Amino acid sequence: MHKGNFKEMYLNTEQLDLGKFKVATSETLYMTVVSMLFVIIIGLILGLLLYNLGKSKRIGAKIFYNLLSIISNICRSVPFIILIILLIPFTKALMGTFLGAKAAIPSLVISAAPFYGRLVEMAFREVDHGVLEAANSMGANKWELVTKVLIPESLPALISGVTVTVITMIGFTAMAGAIGAGGLGGLAYQEGFMRNRPTITLFATICVLVIVFMVQWLGDWAVKKTDKR
Amino acid sequence: MAFIELKQVSKQFIQKNQRIDAVNQVDLTIQKGEIFGIVGYSGAGKSTLIRLFNGLEKPTAGKITINGEEIQQLKGKELRKFRKKVGMIFQHFNLLWSRTVEENILLPLELAGVAKEEREERAKELIQLVGLSGKNNTYPAQLSGGQKQRVGIARALANQPEILLVDEGTSALDPQTTDEVLELLAEVNQRLGVTIIFITHEMHVIRKICQKVAVMESGKVVEFGEVTEVFEHPKQAVTKRFVQQETIPEANLADFSDQYTEGKLVKLTFRGDQARQPILSQVIRKFQIDMSVIQGQIQAMRETSFGTLIVEIIGEEKEMDRALLFLVEQGIGVEVVDHA
Ligand SMILES: Nc1ncnc2c1ncn2[C@@H]1O[C@H](COP(=O)(O)OP(=O)(O)OP(=O)(O)O)[C@@H](O)[C@H]1O
Ligand SMILES: [Mg+2]
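Position numbers for residues start from 1 in each chain and track the written sequence from start to end. Following the order in which they are written, the chains are lettered starting with A and the ligands numbered starting with 1. Residues qualify for local features only when their pLDDT is at least 70, as the model is predicted, and side-chain atom pairs are given and counted only at 80 or more; totals for whole chains, interfaces and linings, by contrast, use all residues. Only hydrogens and water are removed before side-chain values are computed, so all heavy atoms of the structure are retained for them.

**Notes on the UniProt feature "transmembrane region" (unreviewed entry) in chain A**
All names here are of chain A. Here the UniProt feature "transmembrane region" (unreviewed entry) sits at residues 29–51, 63–88, 94–116, 157–180 and 200–219. Helix and strand labels come from DSSP, where a helix needs a run of H or I of at least four residues and a strand needs a run of E of at least two; each type is numbered from the N terminus. In the segment residues 63–88, helix accounts for 88% and strand for 0%; the C-alpha atoms at its two ends are 31 Å apart. The span residues 157–180 is 100% helical and 0% strand by assignment, and the distance between its end C-alpha atoms comes to 34 Å. UniProt positions are given in the numbering used here, feature names are shortened, and annotations may be inferred rather than shown by experiment.

What follows is the structure in structure tokens.
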């Protein structure tokens, strides 16, 4: 492949339609942000549940813990592209459609929430048990233990978990794009690949990378800001 | 009835199908306003015992009465309410790194539902009390060990507790900082009348601030009494070992007995005022003997002092015996070391 050819293929800026890029970027951001809100809430609850069950010595708790672990491992392990297809009926029933950015949300949440839940569990386990004992000795109840000790004392780990999860999810939105969810992944696939316009694919990739780097940077900054150790 | 009373209290753990008697049929009474020391080697059950006082552990058997309330029966909300009136101080401070000094002290006040303005005022007072003025907005990571423990003390005092439980509160600190923290605790005890239960494996800490001491060994309280009494007349082997940590080690005495063969090697123990009286010079003047000091030390205790002196006495056998008899009559502990 000689130079002129490469430039024509990948830097053919006439193919770029700013409007389409704007729409695709906002779709990607929309999918990520909305799913992430659900993922954080479900992940925190799941993580807390796993943490508490994991500490308990009762047999019932142990069984429940293993059951939850297996389910969340399955959700994490099924390749995302297959998960979407499997979930089409569910998505249709829930959202009324299986196409568009909105329709990608249930699959994104189901695959990422268990992943984040695990990270939350690990973050809670890292909290110094002496500090929990101190709070207990002050007469804290379960809820106060979570809100006043567990979450604040594991905040940097919770935040870096969000960063990792968001970045994984941005990757997933791109996959979802290939089967009709839109976004930058959709743009790269439908407009770039199917219509043989590599420039679009390249620039869509660059946009995804920029978003990922920004998320990483923001996450690192927030971790630094909250970590007073 | 005493302020705190333990009757036949036991705590067993089951671990890998093995029963561990961490606390074994303990009887104790602690008076209000006392600084009560519990001393014992690692694994003796000290931490388990102290955790029974605020219900962090439930006894397997026995009764724990504090201020007329049987606390082993408290549960849930009542137990949490009771805990708010008992402060606890830890070896490793257990501060929240995510909170500043002031915020750490605010935590127990928040948990007790104290109004915002009142608790902020209280936190500021406490920071003053423990000598950390100006450190309000510092995070624990930026404090020295001694400063961290001061925050721990302020936090434990936040809800004006009647009891302060201290589990190895000075064991992670260097000697000078230990003294500072002990002074602060003694001051808190004097000024606020807080009863302090103090766990340690260091006898000198007990000597410094405690009035009463209980010695623990494998779950049992093997010796219990006034600190001065226990120091002077340790009965159990463990107690003797603890006291020796402080005074002259036995091994040393034996070493001396090889080196000083001329006369009699004698270990004298003084107590209180005796340590300040010129008894030795009287002895030398009264009897036809010579005396040389080999080793000696005096320790200041809470209210009295306690000294040991190893001397060699040279002279005629009869004269030496009379001198020793005189010392015994003066109430001084006399122990003649036999030559090997
Ligand atoms: N939660 C528990 N489960 C099982 N065994 C325990 C538990 N807590 C304490 N033990 C056991 O009880 C015994 C007493 O422990 P404890 O921590 O009270 O000793 P300690 O005197 O405080 O020792 P140290 O000076 O090392 O702190 C030990 O044999 C310990 O292994
Ligand atoms: Mg201990």
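From this point, the discussion proceeds with the structure in view.
**Digging into the sheet that holds strand E9 (residues 212–217) of chain B**
Residues and elements named next belong to chain B. Think of it this way: DSSP has to see at least two bridges between two strands before they count as a pair. Taken in spatial order, the six strands line up as E6-E7-E8-E3-E9-E10 in an open sheet, and their pairing is mixed. Only two strands of the sheet have a single partner each, and these edge strands are strand E6 (86–90) and strand E10 (220–226). Neighbour-to-neighbour, the strand axes of the sheet open up by a mean angle of 15 degrees, direction not taken into account. Strand direction decides the pairing type here: E9 and E10, joined by six bridges, are antiparallel. Along E10, the bridge assignment pairs Met-216 with Val-221. The contact criterion used is simple: two residues touch if any of their non-hydrogen atoms lie within 4.5 Å. Interaxial angle, 0 to 180 degrees, is taken between N-to-C directions of lines fitted to C-alpha atoms, where a helix line uses only the stretch in contact. Helix-sheet contacts for helix H5 (residues 145–157) involve E6 and strand E7 (163–167), and the interaxial angle to E6 is about 165 degrees. The sheet contacts of helix H6 (residues 175–192) involve strand E3 (35–40), E6, E7 and strand E8 (195–200), and relative to E8 the element is tilted by about 155 degrees.

**Remarks on the pattern of salt bridges**
Salt bridges are defined by distance alone: a side-chain nitrogen of Lys or Arg within 4 Å of a carboxyl oxygen of Asp or Glu. For the structure shown, the criterion picks out 25 salt bridges over all chains. Here Lys-148 of chain A and Glu-110 of chain B are joined by a salt bridge, their closest N and O atoms 2.9 Å apart. Of this pair, Lys-148 of chain A sits in helix H8 (residues 142–181) while Glu-110 of chain B sits in helix H3 (residues 101–111), placing the two residues on different chains. Think of it in three bands: residues with accessible area under 20% of the maximum for their type are buried, residues over 50% are exposed, and the middle band is partly exposed, with areas taken using a 1.4 Å probe on protein chains only. Residue classification places Lys-148 of chain A among the partly exposed positions, given a relative accessible area of 23%. We note a salt bridge from Glu-70 of chain B to Lys-63 of chain B, for which the minimum N-O separation is 3.4 Å. Owing to a relative accessible area of 24%, Glu-70 of chain B belongs among the partly exposed residues under this scheme. Each of Lys-20, Glu-191, Arg-195 and Arg-197 of chain A takes part in a single network of salt bridges with overlapping partners.

**Examining the pairing of E7 of chain B**
For a regular strand, side-chain orientation follows a simple rule: the groups alternate between the two sheet faces. Residue and element names in this part refer to chain B. Taken across its five residues, E7 has five buried, putting it largely inside the fold. Alternating residues of E7 divide into Ile-163, Leu-165 and Asp-167 and Leu-164 and Val-166, and every residue in both groups is buried. Of the pairings in the sheet, the one linking E6 to E7 comprises five bridges and is parallel in character. Bridging from a neighbouring strand, Gly-87 pairs with Leu-164 of E7. Bridge count for E7 against E8 is five bridges, and the pairing is parallel. What sits directly across from Ile-163, in E8, is Thr-195. Orienting the strands away from the viewer, one traces the path from the first strand over the helix to the second; a clockwise path indicates a right-handed crossover. In the classification by handedness, the crossover that spans E7, the intervening H6 and the parallel E8 is right-handed.

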